[in-house]
Amino acid sequence: VQLQAFGGGLVQPGESLRLSCAAAGRIFSFGHMGWHRQAPGKQRTLVARIFSGNNTYYGDSVKGRFTISRDNAKNTVYLQMNSLKPEDTAVYYCYGNFWDGSSWSTYWGQGTQVTVSS
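So, how was this worked out
In this convention, every chain numbers its residues from 1, walking through the sequence in written order. Per-residue local features of the predicted model are confined to residues with pLDDT of at least 70, and side-chain atom pairs are confined, for both listing and counting, to 80 or more; whole-chain, interface and lining totals are unaffected and use all residues. Water and hydrogen atoms play no part in the side-chain values, which are based on all heavy atoms of the structure. To qualify as a helix, a DSSP run of H or I must reach at least 4 residues; to qualify as a strand, a run of E must reach at least 2; elements of each kind are numbered from the N terminus. Computation of the radius of gyration draws on C-alpha atoms, with the globule rule given as 2.2 Å multiplied by the number of residues to the power 0.38. Sulfur atoms of two cysteines make up a disulfide when they are within 2.5 Å. The buried label goes to any residue with under 20% of its type's maximum accessible area, the exposed label to any with over 50%, and the partly exposed label to all in between, with areas taken from a 1.4 Å probe on protein chains only. By definition, a salt bridge exists where a carboxyl oxygen of Asp or Glu is found within 4 Å of a side-chain nitrogen of Lys or Arg. In this description, contact between two residues means that some pair of their heavy atoms is separated by no more than 4.5 Å. For the purposes of these results, a polar contact is taken to be a pair of N or O atoms within 3.5 Å, where, inside protein, one atom must be able to donate a hydrogen and its partner to accept one; residues adjacent in sequence count only when each atom of the pair is a side-chain atom.

Colleague: I would appreciate a short explanation of the overall build of the protein chain in the present structure.
Modeller: A count of helices and strands for the protein chain gives zero helices and eleven strands. Listing the helices and strands of the protein chain from first to last along the sequence gives β-β-β-β-β-β-β-β-β-β-β. A compact globule built from 118 residues would reach a C-alpha radius of gyration of about 13 Å, and the protein chain, at 14 Å, matches this within 12%. Taking the principal axes of the C-alpha coordinates as reference, the protein chain spans close to 45 × 25 × 20 Å.

Spelled out as structure tokens, the structure:
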């Protein structure tokens, strides 16, 4: 299974970005997908997660500003980020937890840089 992330970039505070992450390969069942982020000198933290029943989880710092969604047919997850703040600057990593025919496994995509600066 491979995950590919798109959509990072440089924006000003208050602006929006949408990240997407597409999963491809031997995916028999969907567990959950989501995004972590890592700022320079800090630990990687969970930003948002969406489960197979479309329940969602958000980190406290992004609640009310970020929205995670998914397209089942495309095995793609999206992260709509509104009202971006400089503290949202980080490398964002998508991940997916799937049944690949033999086990539940977690896969990671490459990081995509999000920079919020005036």
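There's more to say after this.
Colleague: How should I be thinking about the state of the cysteines in this particular structure?
Modeller: Defined simply, a disulfide is a covalent bond joining two cysteines at their sulfur atoms. Under the counting rule described, the total for this entry stands at one disulfide. Each sulfur in the disulfide pair Cys21 and Cys94 lies 2.1 Å from the other. Where Cys21 bonds to Cys94 through sulfur, the torsion about that S-S bond is close to 55 degrees, and the disulfide is right-handed. Placement of the pair is Cys21 in strand 3 (residues 17–24) and Cys94 in strand 9 (residues 90–99), with a sequence separation of 73 residues. Overall, the relative accessible area of 0% leaves Cys21 in the buried class. The class of Cys94 is buried, set by a relative accessible area of 0%.

Colleague: In this structure, what is going on with the pattern of salt bridges? I would like to understand it.
Modeller: When charged atoms on two side chains of opposite charge get close, those side chains can pair. Enumeration over the complete set of coordinates arrives at three salt bridges. We note a salt bridge from Arg37 to Asp88, for which the minimum N-O separation is 2.9 Å. Within this pair, whereas Arg37 is found in strand 4 (residues 29–38), its partner Asp88 is found in the loop between strand 8 (76–81) and strand 9, the two being separated by 51 residues in sequence. By relative accessible area, which is 0% here, Asp88 ends up buried. Across the pair Arg65 and Asp88 runs a salt bridge whose closest N-O atoms are separated by 2.7 Å. With Arg65 in the loop between strand 6 (56–58) and strand 7 (66–71) and Asp88 in the loop between strand 8 and strand 9, the pair connects residues that are 23 residues apart, well separated along the chain. Residues joined by salt bridges that share partners form a network here, namely Arg37, Arg65 and Asp88.

Colleague: How do you make sense of the environment of Thr106 when you look at a structure like this?
Modeller: Position of Thr106 among the secondary structure elements: in strand 10 (residues 104–108). The spatial distance from the C-alpha of Thr106 to the C-alpha of Arg49 is 13 Å, given a sequence separation of 57 residues. Beyond its immediate sequence surroundings of up to four residues, Thr106 is in contact with Tyr95, Gly96 and Asn97. Within the structure, Thr106 has its side chain in polar contact with the side chain of Asn97 (distance 3.1 Å).

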